[in-house]
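Single-letter residue listing:
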Amino acid sequence: MGIGNIGVPGLILIAVVVLVLFGRGKVSSLMGEVGKGITAFKKGVAEGKEEIEDKSEDIVQDISSEETTDKDKV
């Protein structure tokens, strides 16, 4: 039996053991921290995506302005 073959009954058993060992309050606070971490990660990914899009727009504008100045020189 490998890790990939746990199934629903195995997951329920693991959840019960975790609740017994750590208690409901500790598990709920831990899940709250995990949720905050996921939210912060998503926010960071979104900000990084916006920054990349802004830089790509600046590069496109620079290239298009260089093309117009090159045409003026001819």
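Scroll up to find the structure.
Scope of this entry: the structure provided in the associated data block. (Residues numbered from 1 in each chain as written. Predicted model: local features only at pLDDT ≥ 70, side-chain atom pairs only at ≥ 80, totals over all residues. Heavy atoms only, no water.)

Turning next to the overall build of the chain. If you tally the helices and strands in the chain, you get 2 helices and 0 strands. Across the 74 residues of the chain, 3% fall into the buried class. Carbon and sulfur atoms provide 66% of the accessible area of the chain, an area that totals close to 6,800 Å². (Helix = DSSP H or I, 4+ residues; strand = E, 2+ residues; numbered from the N terminus. Buried < 20%, exposed > 50% of the residue type's maximum accessible area, 1.4 Å probe, protein only. Areas by Shrake-Rupley, 256 points an atom, 1.4 Å probe, with all protein chains shown as cover.)

By the definition in use, this model includes 2 salt bridges. A salt bridge links K36 to E33; the nearest nitrogen and oxygen atoms lie 3.8 Å apart. Of the two residues, K36 and E33 are both situated in helix α2 (residues 24-73); the distance of 3 residues between them amounts to about one turn of the helix. Under the relative-accessibility criterion, E33 is labelled partly exposed at 49%. With its nearest N and O atoms 3.5 Å apart, the salt bridge here joins E51 to K55. Taken together, the residues span about one helical turn, with E51 and K55 both in helix α2 at a distance of 4 residues. Looking at E51, the relative accessible area reads 45%, which means it is partly exposed. (Salt bridge = Lys/Arg side-chain N within 4 Å of Asp/Glu carboxyl O.)

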